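Commentary on secondary and tertiary structure
These are the residues of each chain, in order.
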Number of protein chains: 2
Amino acid sequence: MNLKELAQKLNLSPTTVSRALNGYPEVNAATRDRILAAAKRHNYRPNTRAIRLATGRAMAVGHVFPGATKNEIMNPVFADFIAGAGEVYAANGYDMLLSVVSDEAEAQTYRDLKSRGAVDGVIVHAVRTNDERIQSLLDLGLPFVSHGRATGVDLPYSWVDVNNRRAFLRATEFLLDLGHSRIALVNGLEGMGFALRRRSGYVDALSARGVDADPALMSSDAMTEHSGFTAASAMLDRPDPPTAFVAASMLSGMGVRRAIEARGLKMGRDVSVIIFDDELSYLRNGEDLPIFTATRSSVREAGRLAAQMLLDLIADPDTAPRNKLLEADLILGQSTGPAPRK
Amino acid sequence: MNLKELAQKLNLSPTTVSRALNGYPEVNAATRDRILAAAKRHNYRPNTRAIRLATGRAMAVGHVFPGATKNEIMNPVFADFIAGAGEVYAANGYDMLLSVVSDEAEAQTYRDLKSRGAVDGVIVHAVRTNDERIQSLLDLGLPFVSHGRATGVDLPYSWVDVNNRRAFLRATEFLLDLGHSRIALVNGLEGMGFALRRRSGYVDALSARGVDADPALMSSDAMTEHSGFTAASAMLDRPDPPTAFVAASMLSGMGVRRAIEARGLKMGRDVSVIIFDDELSYLRNGEDLPIFTATRSSVREAGRLAAQMLLDLIADPDTAPRNKLLEADLILGQSTGPAPRK
DNA sequence: GCCCTGCTTGAAACCGCTTTGAACGCTCAG
DNA sequence: CTGAGCGTTCAAAGCGGTTTCAAGCAGGGC
């Protein structure tokens, strides 16, 4: 069922039918009702391909992920971010196009998406320090919003990010308030800007209280359970072990917990742990009562915000770049307590 | 730069240029070279929207995921499956369209994708027992491949699945061989067909050796760390605790391990654990040496296979449905050992 | 009675490509 | 010398919508 057929059934021209369906005002109310009813009855949906060609808009948004190489890590945050963004697209009649590409192919992918006219804009993921993608997307003239800021890039562009520095600052302060002074950081890979900012929040909180950050209590690695376990184990086995940890993710935190328990210690009593919780739907921090005390910020919500921002940008490309810095909540769980008396 | 402009520059008709670029044989070799050179020089890319309208093919594949409701769990397997499928699409010039929808909206989503002509086929995820989607997709005439079989549906359709029954049968047999007889099952939600088949493999292996499956040693829940911990804790606190566990996922297994260690026991010595390992890139089972003994089958590979199967089906829709049952490897890690002497 | 307006509707061009059917220039067999 | 056949090229008709521009018609002011 296409427009022409529908118009014939109604004894109207395709023009009028098109206008009625798209809500143009110059259609007689009675005619419009008749058309809408018929469209519904015949389950008519305009052909996306034709709309796209005629209007020159793709009505689609691209998400480009690094991760094509066989063993590269797909970001665990991916699924929930996509779910959030997808809600917004669906509500606005946009399609979501996904490309999983190798790092080298990424620039070319953007260029193709643009010149093929496959999307109206893109969301940039896994932003790195000094990320060249920002500049090249600006050059391309393809609207985009990045998830995370690119440290070291001083250009006007739109982004959605979490105040990672503040989150880790608050987490560290909270542990200091509980009397801890040997506080360890189990950080993500510091090639990523967000990890750097987390570290700076941690370091600043310590030095504000006159505590020197101990390099032996700072680690940086991929945010997996295994690396959390390894890092925490090494630290706990030192002569002057930490009494508290700030961990970069739910998975790292689980590794830290295991290291603690493996030494016959109890998390929350002997050793405190605060994690950063992205609220991933398959990695919940407990059911009603949180297991970990955590700085929490929903990735899904970030996905929604980024998507909405991008659609606004597409609707009006000349609008000034917008930024949204999300604050993480500090929620109390069972993994923290006062520093044990010596 | 579009086809017409390029043709004008070359003093040729769009017809000839189009044919040359698409490799049709009836173009003079010299002309073709001239055209290819010019296309390259001007960085010409045919407009995707126009190609799609003209050819009637979408050159795109849809992936439809349930999970739109705020708190619904996004399948953790999602990201890696997509990464695998994406490789195949990219290599074949297809785009990947993602829809995250609420359960109720799913049927309508398929119908829309079809009538809008947005995709040439779809991959069906999270297949349930007696899944009505199979029938409705067959009715729609939209080519599709499902990831997992729909238990209870006896229709001809294409799928890619893991031999879950055999995997759990082998895992259980392996534990029996090690002398275990109190073997527990920490299963996923049994509304999903794959969980049912896993259970049947487990039960059959036991009864083949004359061991009755003990209902108190079988649990079924979402595959999270927390639920693995809870289920294993309860079982270990019984008067006749299990000496071995078969767990449905990496995350469940981590929960089981925690329950074991919380009781001062050592995994691999006092209590054995076998997990099912999907080889998720962000949830690796150890680095070089596997932590868990596991039945292993790569979700990423399944994504590749399903995607390829779908493209084949799209190329020739009249081909008979194809099925691919992947066998899981049984790999030895550090989490299993002989049953402790009484 | 005439003309201008406002409200509806329609014809046709257009988006950028593919593809069908026709035409052109040559060679070569009859 | 004619006509069939081949290799190349092109004009034009789609694909299924949107959008511009024109036109039909009724009502109202003069």
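As a convention, each chain's residues are numbered from 1 in the sequence order in which they are written. Both sets of labels track the order of writing: A upward for chains, 1 upward for ligands. Totals for whole chains, interfaces and linings use every residue, but because this is a predicted model, local features are given only for residues with pLDDT of at least 70 and side-chain atom pairs only at 80 or more, for both listing and counting. Side-chain measures here rest on the full set of heavy atoms in the structure, leaving out hydrogens and waters.

**A few points about the protein's contact with DNA strand C**
Here is the rule we go by: Only a single heavy atom is needed: when it lies within 4 Å of a molecule or strand, its residue is near that molecule or strand. Definition of a polar contact: a pair of N or O atoms within 3.5 Å, with one able to donate and the other able to accept a hydrogen when the atoms are protein atoms, and with sequence-neighbouring residues admitted only if both atoms are side-chain atoms. Going along the chain from the N terminus, every DSSP run of H or I of four or more residues is numbered as a helix, and every run of E of two or more is numbered as a strand.
In the region of DNA strand C, 26 residues are neighbours, and A:Arg19, B:Leu3, B:Ser18, B:Tyr24 and B:Tyr44 sit closest. When the atoms of DNA strand C within 4 Å of the protein are grouped by moiety, sugar and phosphate amount to 58% of the total. A:Arg19 places a polar side-chain atom, nitrogen or oxygen, 2.6 Å from a base oxygen of DNA strand C. One nitrogen or oxygen atom from the main chain of A:Ala54 is found 3.4 Å from a base oxygen belonging to DNA strand C. Among the elements of the structure, helix 2 (14–21) and helix 4 (48–55) of chain A together with helix 2 (14–21) and helix 4 (48–55) of chain B are those that each provide at least two residues to the surface near DNA strand C. Of all the elements, helix 4 of chain B adds the most residues to the surface near DNA strand C, at 4 residues.

**Details of the pairing of strand 4 (residues 144–147) of chain B**
Residues and elements named next belong to chain B. Spelled out, the test is: Criterion used throughout: strands pair if DSSP finds at least two bridges between them. Crossovers are marked right-handed if the path from the first strand over the helix to the second runs clockwise, as seen with the strands pointing away from the viewer.
Bridge count for strand 3 (residues 121–124) against strand 4 is 3 bridges, and the pairing is parallel. Opposite Val-122, over in strand 4, you have Phe-144 as the bridge partner. Between the parallel elements strand 3 and strand 4, the chain passes through helix 7 (residues 132–140) in a crossover that is right-handed. Relative to strand 5 (residues 158–162), strand 4 runs parallel, the two being bridged by 3 bridges. Bridge assignment links Val-145 to a residue of strand 5, and that residue is Ser-158.

**What to know about the environment of B:Leu140**
Residue and element names in this part refer to chain B. Keep this limit in mind: Only protein chains enter the accessibility calculation, which uses a 1.4 Å probe; a residue whose area is less than 20% of its type maximum is buried, one above 50% is exposed, and one in between is partly exposed. Throughout, a residue-residue contact means that at least one pair of heavy atoms, one from each residue, lies within 4.5 Å.
Topologically, Leu-140 is positioned in helix 7. For Leu-140, a relative accessible area of 24% corresponds to the partly exposed category. Residues Leu-140 and Tyr-110 lie 30 residues apart in sequence; the distance between their C-alpha atoms is 8.4 Å. Those residues in contact with Leu-140 that lie beyond four places of it in its chain are Tyr-110, Arg-111 and Lys-114.

**Comments concerning the protein's contact with DNA strand D**
Put simply, the rule reads: Classification used: nonpolar for Ala, Val, Leu, Ile, Met, Phe, Trp, Tyr, Cys and Pro, charged for Asp, Glu, Lys and Arg, polar for all others including Gly.
In the vicinity of DNA strand D lie 25 residues, with A:Leu3, A:Ser18, A:Tyr24, B:Thr15 and B:Arg19 positioned nearest. Sugar plus phosphate: this is where 60% of the atoms of DNA strand D within 4 Å of the protein reside. Contacts to DNA strand D include B:Thr15, whose side-chain N or O atom sits 2.8 Å from a base nitrogen. One of the side-chain N or O atoms of B:Thr31 is found 2.9 Å from a phosphate oxygen in DNA strand D. Only helix 2 and helix 4 of chain A together with helix 2 and helix 4 of chain B provide two or more residues apiece to the surface near DNA strand D. Residues of the surface near DNA strand D, tallied by class, amount to 10 nonpolar, 12 polar and 3 charged.

**A few points about the domain arrangement of chain A**
Residue and element names in this part refer to chain A. For clarity, the threshold we go by: Start and end positions for the domains come from either an automated domain assignment or a database one. Buried area is a sum: the accessible area each of two parts loses on coming together, probed at 1.4 Å, counted once for each and added. By convention in these notes, a salt bridge is any Lys or Arg side-chain nitrogen within 4 Å of a carboxyl oxygen on Asp or Glu.
When cut into domains, chain A gives domain 1 (1–33), domain 2 (60–162 + 299–326) and domain 3 (164–297). For domain 2 and domain 3, the distance between their C-alpha centres works out to 29 Å. Considering only the surface of domain 2 that becomes buried against domain 3, Asp-80, Val-162 and Val-299 emerge as the three largest contributors, covering 37% of it. Counting across the domain 2 and domain 3 interface gives 1 salt bridge. The residue Arg-197 makes a salt bridge to Asp-161 at a minimum N-O spacing of 3.2 Å. Joining domain 2 to domain 3, the criterion identifies 8 residue pairs in polar contact (both at pLDDT 80 or more).

**So, the nonpolar core**
Heads up, the rule is: Take the buried Ala, Val, Leu, Ile, Met, Phe, Trp, Tyr and Cys residues and link them wherever side-chain atoms come within 4.5 Å; each set so joined is a nonpolar core.
With 144 residues, the main nonpolar core has A:Tyr89, A:Phe245, B:Tyr89 and B:Phe245 as its most contacted residues. For A:Phe245, the residues in contact, after removing those within four places along its chain, are A:Leu175, A:Ala184, A:Val186, A:Ala232, A:Met235, A:Leu236, A:Val256, A:Val271, A:Ser272, A:Val273 and A:Ile274. Listed in part, the 36 residues of the second largest apolar core include A:Val101, A:Ala118, A:Val119 and B:Val153.

**What to know about the relation of the copies chain B and chain A**
Between the two copies of this chain, the relationship is a rotation about some axis together with a displacement along it. For the record, the criterion: When the copies are overlaid, the least-squares fit takes in C-alpha atoms only where the residue has pLDDT of at least 70 in both copies.
By a simple turn and slide, chain B fits onto chain A: the slide is 0.2 Å along the axis, the RMSD is 0.4 Å, and the turn is 180°. Such values leave the two copies arranged in the relation of a two-fold axis. Judged by C-alpha distance, B:Leu97 is the residue of chain B that lies nearest the rotation axis, at 2.3 Å.

**Quick notes on the packing of aromatic side chains**
In this description, a pair of aromatic rings is defined by centroid distance and the angle of the planes. Note the following rule: Only centres within 6.5 Å qualify two rings of Phe, Tyr or Trp (six-membered ring in Trp) as a pair; their planes then separate them into stacked at under 30 degrees, edge-to-face at over 60, and tilted for everything else. Any Lys NZ or Arg CZ found within 6 Å of a ring centre and within 35 degrees of that ring's normal is scored as a charge over the ring.
Inspection of the entire model under this criterion finds 8 aromatic pairs over all chains. Centre to centre, the rings of A:Phe78 and B:Phe78 are 5.2 Å apart; their planes meet at 45°, and the pair counts as tilted. With A:Phe78 in helix 5 (residues 78–91) and B:Phe78 in helix 5 (residues 78–91), the pair connects residues from two separate chains. Their ring planes at 45° and their centres at 6.1 Å tell us that A:Tyr282 and B:Tyr282 sit as a pair that is tilted. A residue pair is termed interchain when its members come from two chains, as with A:Tyr282 in the loop between strand 9 (272–277) and strand 10 (293–296) and B:Tyr282 in the loop between strand 9 (272–277) and strand 10 (293–296). Grouping residues by exposure puts A:Tyr282 and B:Tyr282 together as buried. Through a chain of ring-to-ring contacts, the aromatic side chains of A:Phe65, A:Phe78, B:Phe65 and B:Phe78 assemble into a single cluster. Its guanidinium or amino end placed over the ring of A:Trp159, A:Arg149 lies 5.0 Å from that ring's centre, counting from NZ or CZ.

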